[in-house]
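# Close look at the chain arrangement
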Amino acid sequence: MKIARFLDNESKINLYATRFCMYYRNLYLLTIIYFLCFVLSFLGFSRFFPGYPHPIAAMTFSMALTFLFSTLVLPLAPTRLAPSSRRDLLAAMLIIAAAATALYAVVAPGSALPGHDPIIVPTLAQALLAHGTTLDVYRLGDPGFTYPPGYPILFSLAALIVSPFTTLGVFKISTVVVLVMIPAGWAWMAARVFRIRLPYTMLLVLAMLAVFGLERTVTYSLQHGKNSQMLAGALFPAIIAILFASSRRFVGMPLAVITLTAGILVHYSILYMAATFFFAWHIVHFPRDRNEWMALARLGGSGLLSVGLFALMLPEAFNDPRVGSFGLPAIGEGAARLAGVFFARHDELLFIFNWDVAGNLKSPYRGLALIGCVVAAIVVGHSSRHRRDDAYQPARMAGVFGIMVLIGIAFATGTLPAGITPDFVRWYLIFPQIGVVLAALSAVALHLDQSGKGAKAAFGLLTGILAAGTMVAATDFVPRVGVALAHRIDGAELARMRDTLATLSGGRPCYLITESVTIADGLHTVQSHRPFEYAELLTGCRILNGSFVQRGVRGGRNVLGKPDQTALANLPVGASVYLVVSEEAELAYRQVMPEWRFQRSPLTLGPYPIWTLSDPVTPPPT
């Protein structure tokens, strides 16, 4: 009886798992659609209805849009599914959980992520809840003014629920989730879009190998940030699938426009990634009948409408000083530049970290390796064309992403000036490179189901690549752990900074003057005492001489890297101004600001004393 009951329960579990797998694709896409609708709705309500409670309104409106699109558009999509069995599903979940655990172990030390980029998203999310848009908080030229608002808008859902201090831990977890989504999403894309008929678990393992063991830049993002770019790469497979599904009928065009516009708001490079992807796709899969030409026309129309909607909602992005230039193609010189990138030994366009610094394992001849992957996918597919009807699918995938890489290099080298700088190009190029590598690995894996020497050779080759990739990934992970340990911030120190400034200001407007240096031609300001990086997020006190998300007030660095008298005189009456620097820096600043009073507090922040500044007219705060 117990055995029969167990078997009956087992069959029910298998049935539920099968049903879950049947709905997995639409569940995944609907979740992405909801988040993208929320991004666009939030920004729309904030810009055009500034007095409206935009977070709640955006959530409600996004739910309605998601339900509408799920009814009208998604049923038109093909029924190709991801994990089709309980065993595959559980194995995929275990692999993803193991990868997430390893990534979290790297960044576990401290209360915040290492590096400076992780400061941006939580800080802007907090600002969005109070002001609606970052344009109301920052001025033109500040990094926060035209930072892609998509990720901060999404993260505002967390900032709405938890305290600013807690958002640091939440952002650490969300970063790990995003990085794990990259191989999971690209494996899903290989099965869903390119129709590579391999078990999803195998595709997931190959994608993990491609992302962390062979391409590798995603691992370095644990140290260097680029959080919005990583989110764009994680969302890209779903965005492409949604655009394909919505291009089948005219009724899907509104979904396509919303999806692409919101994707661009997550990161501006999505526009270039989507445009080059569909260009490459229709070269490899050239339209053959009227339906395919009509789908292409709808995609093109949706793209133009998306650019127009983006320009309507965020025209300030076109004034960003980091925008590249446009011009005529330089075909003659461009060919030499392209060859220089592909044949260079240590080119920093295809692998950003091909420079000499401790903890960087270089990737030599990356361009030739990518060419080899494309050729391998074609040759292997050709050799098995009589045995499998999907033998050329990895080759087509390699061709699409190979063309994307080629066009991206043309953008970066000025061969095709398209308004994007080389630095932005090299960060988004990591994703088509992942696609090229995954296509080559998938082509080899398709040989595992044949008998004889072919299967043995494929198994041996994949095993060797997996072993080498695992060693490379471990070599990359260890230095990142060292960086996280060296730059960890104690949560108690952040809490002490928050409480100290709250006590001193007593609820009045609060401003800080700190010791800092500027980087990236003055675009960012880096604090000498790392916990001060989070002062604006945790305390609401604005740093007058600049932080990582804003350049400071006008004249904020005119005197010894600190505000001049005019900058201080323009502050609100009754504002609390605190100088938090070393005694030597305070003495030098006092000598050039003789009309201002410097009153030392018995409290300190980290290694620095605190001085309260007041002008001769305003009495010092008690």
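Coordinates for the structure precede this section.
As the structure is a computational prediction, the values presented were derived from the model and not from experiment. (Residues numbered from 1 in each chain as written. Predicted model: local features only at pLDDT ≥ 70, side-chain atom pairs only at ≥ 80, totals over all residues. Heavy atoms only, no water.)

### Points about the overall build of the chain
From N to C terminus, the chain includes 22 helices and seven strands. For 622 residues, the compact-globule estimate of 2.2 N^0.38 gives 25 Å, and the C-alpha radius of gyration of the chain, at 27 Å, lies within 12% of that figure. By principal-axis analysis of the C-alpha atoms, the chain measures approximately 90 × 65 × 50 Å. In the chain, the share of contacts with a sequence separation of at least 24, taken over all contacts with a separation of at least 6, comes to 75%. Entry remark: accessible area of the chain is about 26,300 Å², with carbon and sulfur atoms responsible for 66%. Of the side-chain charges in the chain, 47 are positive and 33 negative, and the distance between the mean point of each set is 12 Å. (Helix = DSSP H or I, 4+ residues; strand = E, 2+ residues; numbered from the N terminus. Rg over C-alpha atoms; globule rule 2.2 N^0.38 Å. Contact = heavy atoms within 4.5 Å. Areas by Shrake-Rupley, 256 points an atom, 1.4 Å probe, with all protein chains shown as cover. Lys, Arg positive; Asp, Glu negative; His and termini not counted. Charge placed at Lys NZ, Arg CZ, Asp CG, Glu CD.)

### Here we look at the pattern of salt bridges
Here the structure, examined in full by the defined rule, presents eight salt bridges. As a salt-bridge pair, Asp 423 and Lys 226 come within 4.0 Å of each other at their nearest N and O atoms. Here Lys 226 lies in the loop between helix H8 (217–224) and helix H9 (227–246) and Asp 423 lies in helix H16 (residues 422–428), a separation of 197 residues in the sequence. Across the pair Arg 498 and Asp 499 runs a salt bridge whose closest N-O atoms are separated by 3.1 Å. For Arg 498, a relative accessible area of 29% gives the class partly exposed. When its relative accessible area of 40% is taken as the criterion, Asp 499 is described as partly exposed. The network of salt bridges with common partners includes Lys 226, Asp 423 and Arg 426. (Salt bridge = Lys/Arg side-chain N within 4 Å of Asp/Glu carboxyl O. Buried < 20%, exposed > 50% of the residue type's maximum accessible area, 1.4 Å probe, protein only.)

### Thoughts on the packing of aromatic side chains
Summed over the entire model, instances satisfying the criterion amount to 31 aromatic pairs. On the numbers, 5.9 Å between centres and 25 degrees between planes, the contact of Trp 186 with Phe 236 is stacked. A residue pair is termed long-range when its members are at least 10 positions apart, and Trp 186 in helix H6 (residues 164–192) and Phe 236 in helix H9 qualify at 50 residues. The two residues Trp 186 and Phe 236 agree in class, both being buried. The ring of Phe 250 is capped by Arg 298, whose NZ or CZ atom sits 4.8 Å from the centre of that ring. (Phe/Tyr/Trp six-rings, centres within 6.5 Å; stacked < 30°, edge-to-face > 60°. Lys NZ or Arg CZ within 6 Å of the ring centre and 35° of its normal.)

### Comments concerning the nonpolar core
Residues Ile 182, Phe 194 and Phe 277 are the most contacted members of the largest nonpolar core, which totals 178 residues. If one sorts the elements of this core by residue count, H6 sits on top with 14 residues. Setting aside residues no more than four positions away along its own chain, Ile 182 makes contact with Val 211, Val 218, Met 230, Gly 233, Ala 234, Phe 431 and Ile 434. (Core = buried A, V, L, I, M, F, W, Y, C linked by side-chain atoms within 4.5 Å.)

### With respect to H9
The terminal C-alpha atoms of H9 lie 28 Å apart, and with 20 residues this matches the ideal 28 Å at 1.5 Å per residue to within 8%. Along H9, the sharpest kink reaches roughly 40 degrees, centred on Leu 235 and followed within four residues by the proline Pro 237. Most of H9 is tucked away, with 20 of its 20 residues classed as buried. (Expected span 1.5 Å × (residues − 1). Bend = angle between axes of the 7 residues up to and from the residue.)

### Comments concerning the pairing of strand S1 (residues 510–514)
With five of five residues buried, S1 lies mostly within the body of the structure. Where burial is concerned, the two faces of S1 agree: the one with Cys 510, Leu 512 and Thr 514 and the one with Tyr 511 and Ile 513 are both buried. Inspection of the sheet shows S1 paired to strand S5 (residues 576–580) by five bridges, in the parallel sense. Following the sheet pairing, Ile 513 is matched in S5 by Leu 579. Inspection of the sheet shows S1 paired to strand S4 (residues 542–543) by two bridges, in the parallel sense. (Pairing = 2+ DSSP bridges.)

### Brief notes about the packing of helix H7 (residues 200–215) against helix H18 (residues 453–486)
The relative placement of two packed helices comes down to the angle between their axes together with the axis-to-axis distance. Packing of H7 against H18 leaves a shortest axis separation of 8 Å and a crossing angle of 45 degrees. Relative to H18, the element H7 lies oblique. Seen along the crossing, H7 lies across H18 with a hand that is left-handed. Of the residues in H18, those touching H7 at Leu 206, Leu 209, Phe 212, Gly 213 and Leu 214 are Leu 462, Ile 465, Leu 466, Gly 469, Val 472, Ala 473, Asp 476 and Phe 477. Residues of the contact of H7 with H18, tallied by class, amount to ten nonpolar, two polar and one charged. (Axes fitted to C-alpha atoms, helices over the stretch in contact; angles between N-to-C directions. Parallel < 35°, antiparallel > 145°, perpendicular 65-115°, else oblique. Left-handed = near helix turned anticlockwise from the far one by under 90°. Nonpolar A, V, L, I, M, F, W, Y, C, P; charged D, E, K, R; others polar.)

### Notes on unusual backbone geometry
Located in the positive-phi region is Arg 195, a residue other than glycine, with phi close to 60 degrees. Mapping Arg 195 onto the fold places it in the loop between H6 and H7. Here Arg 195 falls in the partly exposed class, since its relative accessible area comes to 29%. In this structure, Arg 216 takes a positive phi of about 85 degrees despite not being glycine. Structurally, Arg 216 is set in the loop between H7 and H8.

### Here we look at the pairing of strand S2 (residues 516–519)
Relative to strand S3 (residues 524–527), S2 runs antiparallel, the two sharing four bridges. Considered in S3, the bridge of Val 517 is made with Val 526.

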